[in-house]
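Structure assessment
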Amino acid sequence: MPTDLTNQYPAAGVAVDVRRLIRLADRLLTECGVADHTVSMLLVDDREMTRLNNHYRGKNKPTNVLSFPFAEGADESLASIPVKELGDIVISVDTALRESIEFGQTLFERLTWLTIHGMLHLLGHDHERSAADEQAMLVKEQELLDKVKNHRRTTMTKLAINVDHVATIRQARGIADPDPVAAAAICEMAGASGIVIHLREDRRHIQDRDLQLLRQTIKTKLNLEMGANKDIITVALDLKPDLVTLVPEKREELTTEGGLDVLAQKKKIAKVIEKMARESIPVSIFADPDPAQLAAANEIGATFVELHTGKYCDAKNESERNHEFMLLSSAAEEAARMGLRVCAGHGLNYYNTAPIAELDTVEELSIGHAIIARAVFVGLDRAVRDMLAIIRQADMTI
Ligand code: PXP
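Keep in mind that what you see is a predicted model, and the values were worked out from it rather than measured.

1. Regarding helix H7 (residues 180–190)
Listed in full, the buried residues belonging to H7 are Pro-180, Val-181, Ala-183, Ala-184, Cys-187, Glu-188 and Ala-190. Contacts from the buried residues of H7 go to strand S5 (158–162), helix H6 (164–173), strand S6 (194–198), helix H8 (208–217) and helix H16 (380–396). Following H7 by one or two positions, Gly-191 has its phi on the positive side, about 120°.

2. Observations concerning the domain arrangement of the chain
What the domain assignment lists for the chain is domain 1 (3–149) and domain 2 (158–395). Distance between the C-alpha centres of domain 1 and domain 2: 39 Å. If you look at the interface, domain 1 gives six residues, while domain 2 gives eight residues. Both sides together, the interface formed by domain 1 and domain 2 hides about 700 Å², and carbon and sulfur atoms give 35% of it. Of all residues in domain 1, the largest losses of buried area upon contact with domain 2 belong to Arg-19, Arg-23 and Arg-27, amounting jointly to 71% of the total for that side.

3. Describing the side chain of Arg-170
With respect to the element layout, Arg-170 can be found in helix H6. A relative accessible area of 4% means that Arg-170 is categorised as buried. Not counting the four nearest positions on each side in its chain, Arg-170 is found in contact with Ile-175, Ala-176, Asp-177, Pro-178, Asp-179, Pro-180, His-205, Gln-207, Arg-209 and Asp-210.

4. Some words on the pairing of strand S12 (residues 362–367)
Along any regular strand the residues' side chains alternate between the sheet's two faces. Summarising burial for S12: six of the six residues are buried, a large majority. Across four bridges, S5 lies against S12 in parallel orientation. The residue bridging Ile-161 from the neighbouring strand is Ile-367, located in S12.

5. A few points about the nonpolar core
Counting 76 residues, the largest nonpolar core has Ile-285 and Ile-371 as its most contacted members. A per-element tally of this core places H16 first, with seven residues. With near-sequence residues (within four places) excluded, Ile-371 lies in contact with Leu-159, Ile-161, Tyr-350, Leu-380, Ala-383, Val-384 and Met-387. Grouped together as the second largest cluster of nonpolar side chains are 33 residues, Leu-43, Val-93, Leu-114 and Leu-122 included.

6. Re the pattern of salt bridges
Counting across every chain of the model gives 24 salt bridges. The salt bridge involving Arg-51 is made with Glu-48; its shortest N-O contact spans 3.0 Å. With Arg-51 and Glu-48 both in helix H2 (residues 46–57) and three residues apart, this pair spans about one turn of that helix. Classification of Arg-51 by relative accessible area gives partly exposed; the value is 48%. Note that Asp-208 and Arg-203 form a salt bridge whose closest N and O atoms lie 2.7 Å from each other.

7. Some details on the sheet that holds strand S10 (residues 304–308)
Spatial strand order, S5-S6-S7-S8-S9-S10-S11-S12: eight strands in a closed barrel with parallel pairing. Direction aside, neighbouring strands of the sheet carry axes that sit 25° apart on average. Strand direction decides the pairing type here: strand S11 (residues 341–345) and S12, joined by four bridges, are parallel. By the bridge assignment for S12, Gly-345 is matched with Ser-366.

8. Notes on helix H3 (residues 93–103)
Every α-helical turn comprises 3.6 residues, leaving residues that sit three or four positions apart pointing alike. Listed as buried for H3 are Val-93, Thr-95, Ala-96, Glu-99 and Ser-100. Seen from one end, H3 has its buried residues packed into an arc of 155°, which puts them on one side. More than 90 degrees from the buried face of H3, the exposed residues found are Ile-101 and Glu-102. Residues of H3 that are buried sit in contact with strand S2 (38–44), H2, strand S4 (85–92) and helix H4 (107–122). Capping the start of H3, Ser-92 holds a side-chain oxygen 3.4 Å from the backbone nitrogen of Asp-94, two or three residues further along. Following H3 by one or two positions, Gly-104 adopts a phi angle in the positive range, close to 65°.

9. Remarks on the pairing of S10
Burial analysis of S10 places five of its five residues in the buried class, the great majority of the element. Of the two faces of S10, the one carrying Phe-304, Glu-306 and His-308 and the one carrying Val-305 and Leu-307 are both buried. Pairing between strand S9 (residues 283–287) and S10: four bridges, direction parallel. When the bridges of S10 are listed, Ile-285 appears paired with Val-305. For the crossover that starts at S9, traverses helix H11 (residues 291–299) and ends in the parallel S10, the hand is right-handed. Here S10 runs beside S11; their pairing, made up of five bridges, is parallel.

10. A look at the site of the ligand
Lining the immediate environment of the ligand, one finds 14 residues, of which Glu-225, Thr-256, Glu-306, Gly-347 and Gly-368 sit closest. Interatomic distance of 3.1 Å between a side-chain N/O atom of His-165 and an oxygen atom of the ligand. Expressed as a share of its isolated accessible area of 400 Å², the protein-covered part of the ligand is 95%. Looking at the shell around the ligand residue by residue, the class counts come to three nonpolar, nine polar and two charged.

Reading the values: the criteria
Residues numbered from 1 in each chain as written. Predicted model: local features only at pLDDT ≥ 70, side-chain atom pairs only at ≥ 80, totals over all residues. Heavy atoms only, no water. Buried < 20%, exposed > 50% of the residue type's maximum accessible area, 1.4 Å probe, protein only. Helix = DSSP H or I, 4+ residues; strand = E, 2+ residues; numbered from the N terminus. Contact = heavy atoms within 4.5 Å. Domains from an automatic or database assignment. Buried area = accessible area lost by both parts, 1.4 Å probe. Pairing = 2+ DSSP bridges. Core = buried A, V, L, I, M, F, W, Y, C linked by side-chain atoms within 4.5 Å. Salt bridge = Lys/Arg side-chain N within 4 Å of Asp/Glu carboxyl O. Axes fitted to C-alpha atoms, helices over the stretch in contact; angles between N-to-C directions. Arc of directions from axis to C-beta. Polar contact = N/O pair within 3.5 Å; in protein donor to acceptor, adjacent residues only side chain to side chain. Right-handed = clockwise from strand over helix to strand, strands pointing away. Near = heavy atom within 4 Å. Areas by Shrake-Rupley, 256 points an atom, 1.4 Å probe, with all protein chains shown as cover. Nonpolar A, V, L, I, M, F, W, Y, C, P; charged D, E, K, R; others polar.

What follows is the structure in structure tokens.
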């Protein structure tokens, strides 16, 4: 981990999103060209900050941030540092909170600025040296702030619900019930931001009749998942969904098994995107969290990528899950930095969704099976609201 964060702040009433702060500091190390260095962060209250400020600077009062470069006292050039450590950044959350109210910012916005400020000090900037140094530091601060803020979502994470599973139950009997069209209406009334359906070549669940009715009745957003197959492309161009999500499709699979290999079929996928663009249908690519696939999706003009969360959800243990989470988190950062809009889905349930919903690069989650499975026992309205509550809670983590 490039950033090591210790939270000594007594959390009464104020919870700091530590994971998000670590991601921010990791990103800053990269933006500053020192991704191979580590930085230590410490969150304290005003009492501890006053003690430190008095001890190291002879000032018996709190301050917002203190930086302790690892190389201080020796030759300060980075090249002379034997261990690749930048040093320590200490932030008083009490002061950050007061300043955030004063400047009309969220606490996290203030912590972002303080982390940038602290890191620039570690890198040798000093606004107290001269007016020119102060100006240079201000410019650099703004530059970094723009870089880390430019692709953040400012709205709540949206929930799009896949109603294929309702159609699967219906098809098991070959009769009219349960109807995915009715399910979609209930999902929307419970607060879903979109409805997802996968029109498979073998029509194993969603039928052509469903498409037409859903197109007419959905009030939020219809996302049509599909393979890049000629007949299905014709259906999509005619239907004009609000979004097309391209997925790999194998007849024998139970559910979509992996992300689309865009690299291996760039020309073919580019053509589908072009066709959809002529009808003003944006395209999302269902992709594994692999930077090369994301770059290819971006190059051929995809608007969104939907990151495949399957491996994260299927992880056998905590360390595997953490590893998969880090891949998703950095892939989301990378995709957003390229200018792609980011969604995520597959396998998400009531126990593993919160960390993904906390990623401020991910604007929408696509969830099906877990919600329909819970709906069997508690009803669809309640199942949707339960998931939305988890997402809202994750969104409110500051
Ligand atoms: N996203 C895509 C691209 C999918 O293929 C599926 C499965 O239909 C989902 C999301 C939803 O996955 P789950 O049903 O496991 O929530």
